[in-house]
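# Observations on chain architecture
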Amino acid sequence: MSMEKASADCPYPGCFFCVMKEANPSKRRASILKFFRELPSQDDDGQVLPISGLWNTAMAHPNDPEFIELGIFECMSALIWKGLKNRRWLSHDQNIYIPYYAAHIIGSYTMNMEEFAERAVRAGVIPPLVELLRGRLTWVEQRVAVRALGHLATYASTFPTVASHGEILELSIQLAMSSLEIVYSHFYQYVDRRLSYHCDLLTRGMGGVEMESRKAEEWASQLQCWSLQLINCFAFKPEFLPTICKPEFLAKLPGMWGGLVNENSPAGIGLLRTICHHKLGRGPVAACPGIIEALCNIARSSDDWQYMAIDCLLWLLQDPSTCHKVIEKTVPALVDLAEISSLGDHKKLGDSIINVLQECMESQGTGRTQINSHVKEEIEELLNSKQRLKWEKNMPKEDLHIKQAAALVVKLEGNSLFSSGNISGAAAKYSEALALCPIRSKKERVVLYSNRAQCHLLLQQPLAAIGDASRALCLHNPVNRHAKSLWRRAQAYDMLGLAKESLLDAILFINECSQSNDPDLSLRQNKVPDYAERLVKKQMRAAWLFREAAIKHGEVHCEGDAGDMCGQETDDSEWETASESEIGNEERDEIGDDICGWENEVERKDKYKKASIKEIKHGYNVQLTEDDV
């Protein structure tokens, strides 16, 4: 059916576009009902045009009940079956697009309204969607099938019907683990083998090979994320946890983050949170050391997933059967986060952390939990700081001012040592200042923690730097928005080879720079600082969505520098590059409230012990400034 058939003098009775223009509501509804009933049995050319029109309508008005009442679900279900069973019809004209559009229409109309989902289930949409999920056509149809099934599984009234198809869960788990490799090997890897209708769907007729590749990355991440969301619906039911909690799958979950294009998706950490909410799920999670380490990194992060990781760690610690397995790894991360106030809708999160750690200490006396001396010291130090805060509330203001002044003097001594190249001595002074500084003096403590984090970086102690930077970010108001601490943690993560964590902090640092009044941080003419640009480019290559698949297929070498060959090189035109002079890299030996380390390359720590401040700045571009408080 061509566009000419939709003209005002269309000679074809029953043309869908003419039907939609019918002014009489009764005639219009009757004609649409007839169209939906007859379309699956017709073999006319041009059927994709009205289907794509219906897709646009479903995307724009997913809550409109008109087409639902007139049988659109029955029609779309029949069209998917037709494409699966009649390959001659599927390959004719542009019918190859129809199963994709049909499944997408089902998903759009069921994403918000439980009533529509119930109508869809009664219309028999689940069996053909399962066939698409199996991969009977291609990954493009799998993507919209898992999306639609995920929406149907969301509602209490329709989940049992979805769950009755036992293979859906297994298929979703396999798809979540293999989706990136499927898209890489079936589309991204070989440009000359790409199916033309895939290219058309990805770019809607606009853009060349580069646009197709970028959209493929976005769709691949969606395919994985929507698979995880479908699995998440099953994870709320304990009877499905044994199927989900297989070591191979759990080990991969923390890495299923969906890429930057899906920054609002809960991804693998969201599923882990659901799993950890159940006692049956906590045991398998605690048995995977890699997961606990990843949860600690995510808990320290500054993104929307942070509270999910914290919830997981707290639940694991509160469970006597898992506490002893995870306590040594989780306590350092949680201690770093104990001074956080609120995180989004999570109020008094730091108090919750302290309470759980205190319970762990008390349970040690019962013999349920054995805590080694180092972990015990960390918890005791935290509890002592809480007690310190209580004492400070009853202290005269004059005494508090004396403590603040004493902390300031020691901090300035630390700055002086730092300027002379005595980095370890400076770190010790910042520690001494923290012991003096009142707990309620949050701004001052932010600076002290951030300064000490810089020292740890120069001394090649990335774990300690991450801890201090995280503490500074927790204390800062607003939370997680202290630019210099974000940058320091980004560099520390880079030293540990944690590309994703480093990338997220570097991007947040750039965002903060764009809003900062600090002359050493602010972006001039909205240009990205070159030192941040270099780190972001490096980590985007290292965290490339298809990196693991490319390594498996021999397209990327996993040895050497992370930026050797990791996906497509980023076009320099995407970034405005600031020169060294434009970002304020003039050598200024100023002593002040904060120290600022820019460059990513770290010299050997014995070099710093005898280096002058100019030599330090050459290797790490350290600046002493009088801002930040």
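Please read all numbers here as calculations on a predicted model, not as lab measurements.

Now for the overall build of the chain. When helices and strands are counted, the chain shows 33 helices and two strands. Burial status across the chain gives 54% buried among its 629 residues. By sequence separation, contacts in the chain at least 24 residues apart represent 71% of the contacts at least 6 residues apart.

Attention now moves to the confidence of the model for the chain. Mean pLDDT over the chain: 84, with 82% of residues reaching 70 or higher. Across residues 559-592 the pLDDT falls below 50, and counting only partners more than four positions away or on other chains, this stretch makes 79 contacts in the model. Here residues 597-629 is modelled with pLDDT under 50, and outside its nearest four sequence neighbours on either side it reaches 114 contacts, counting other chains as well.

What follows concerns helix 20 (residues 306-318). The first and last C-alpha atoms of helix 20 sit 19 Å apart over 13 residues, in line with the 18 Å expected at 1.5 Å per residue. Most of helix 20 sits inside the fold, with ten of its 13 residues counted as buried. Those residues of helix 20 not exposed but buried are Q306, M308, A309, I310, D311, C312, L313, L314, L316 and L317. Lining the buried residues of helix 20 we find helix 17 (267-276), helix 18 (279-286), helix 19 (289-299), helix 21 (320-336) and helix 22 (349-364).

With that settled, the discussion passes to the environment of E217. Within the element layout of this structure, E217 appears in helix 14 (residues 209-235). The spacing of E217 and L545 is 328 residues in sequence and 6.9 Å in space, taken between C-alpha atoms. Sequence-distant contacts of E217, that is, excluding residues within four places in its chain, are made with Y188, W544, L545 and F546.

With that settled, the discussion passes to the packing of aromatic side chains. Going through the model one piece at a time under the given rule, you end up with 22 aromatic pairs. An angle of 20 degrees between the planes, with centres 5.8 Å apart, marks the rings of Y184 and Y188 as stacked. Of this pair, Y184 and Y188 both sit in helix 12 (residues 167-188), four residues apart, roughly one helical turn. With a centroid separation of 5.9 Å and 90 degrees between ring planes, the pair formed by W544 and F546 is classed as edge-to-face. Like W544, the residue F546 is buried in the burial classification.

Moving on, we get to the pattern of salt bridges. In this structure the tally under the stated criterion is 25 salt bridges. Between K215 and E218 there is a salt bridge, with its nearest N and O atoms 3.3 Å apart. Taken together, the residues K215 and E218, both in helix 14 and three residues apart, mark about one turn of the helix. Looking at E218, the relative accessible area reads 24%, which means it is partly exposed. Linked through salt bridges whose partners overlap, the residues forming this network are E131, R134, R136 and E167.

Residue position: E66 is located in helix 4 (residues 66-69). A polar atom in the side chain of E66 sits 2.4 Å from the side chain of R28.

A separate point is a positive patch on the surface. Residues K390, K393, K397 and R440 make up a contiguous surface patch of positive charge. Residue position: K397 is located in helix 24 (residues 397-419). On the basis of relative accessibility, which here comes to 63%, the residue K397 falls in the exposed class.

Turning our eyes to something else, we now look at the packing of helix 9 (residues 126-133) against helix 10 (residues 139-154). Think of two packed helices as two axes; the pair is described by the angle between the axes and how far apart they sit. At their nearest, the axes of helix 9 and helix 10 sit 8 Å apart, and the two run at 135 degrees to each other. In terms of axis orientation, helix 9 runs oblique to helix 10. By crossing handedness, the relation of helix 9 to helix 10 is classed as left-handed. Residues I126, L129, V130, L132 and L133 of helix 9 touch helix 10, and the partners they reach there are E141, Q142, A145, V146, A148, L149 and L152.

Cis rather than trans, the peptide bond between N477 and P478 has omega equal to 5 degrees. On the secondary structure map, P478 appears in the loop between helix 27 (462-475) and helix 28 (483-495). With phi around 55 degrees, Q460 is a residue other than glycine that occupies positive phi space. Secondary-structure assignment places Q460 in the loop between helix 26 (442-458) and helix 27. Assessed through its relative accessible area of 39%, Q460 is described here as partly exposed. Of note, the phi angle at N480 is positive, near 65 degrees, even though the residue is not glycine.

Moving on, we get to the environment of A148. For A148, the location among the structural elements is in helix 10. Between the C-alpha atom of A148 and that of Y109, which follows or precedes it by 39 residues, the distance is 9.0 Å. Setting aside anything within four residues of it in sequence, one finds A148 in contact with A103, I106, G107, T110 and L129.

For helix 8 (residues 114-122), every residue scored as buried is listed here: F116, A117, A120 and V121. Take helix 8 and look down its axis: the buried residues cluster within an arc of 140 degrees, on one side only. Of the residues in helix 8, the exposed ones pointing more than 90 degrees away from the buried face are E115 and R122. Of the residues flanking the end of helix 8, it is G124, one or two places downstream, whose phi is positive at about 85 degrees.

Definitions and limits used
Residues numbered from 1 in each chain as written. Predicted model: local features only at pLDDT ≥ 70, side-chain atom pairs only at ≥ 80, totals over all residues. Heavy atoms only, no water. Helix = DSSP H or I, 4+ residues; strand = E, 2+ residues; numbered from the N terminus. Buried < 20%, exposed > 50% of the residue type's maximum accessible area, 1.4 Å probe, protein only. Contact = heavy atoms within 4.5 Å. pLDDT = per-residue confidence, 0-100. Expected span 1.5 Å × (residues − 1). Phe/Tyr/Trp six-rings, centres within 6.5 Å; stacked < 30°, edge-to-face > 60°. Salt bridge = Lys/Arg side-chain N within 4 Å of Asp/Glu carboxyl O. Polar contact = N/O pair within 3.5 Å; in protein donor to acceptor, adjacent residues only side chain to side chain. Patch = residues over 30% accessible without salt bridge, like charges linked within 9 Å, V, L, I, M, F, W, Y side chains within 5 Å. Areas by Shrake-Rupley, 256 points an atom, 1.4 Å probe, with all protein chains shown as cover. Lys, Arg positive; Asp, Glu negative; His and termini not counted. Charge placed at Lys NZ, Arg CZ, Asp CG, Glu CD. Axes fitted to C-alpha atoms, helices over the stretch in contact; angles between N-to-C directions. Parallel < 35°, antiparallel > 145°, perpendicular 65-115°, else oblique. Left-handed = near helix turned anticlockwise from the far one by under 90°. Arc of directions from axis to C-beta.

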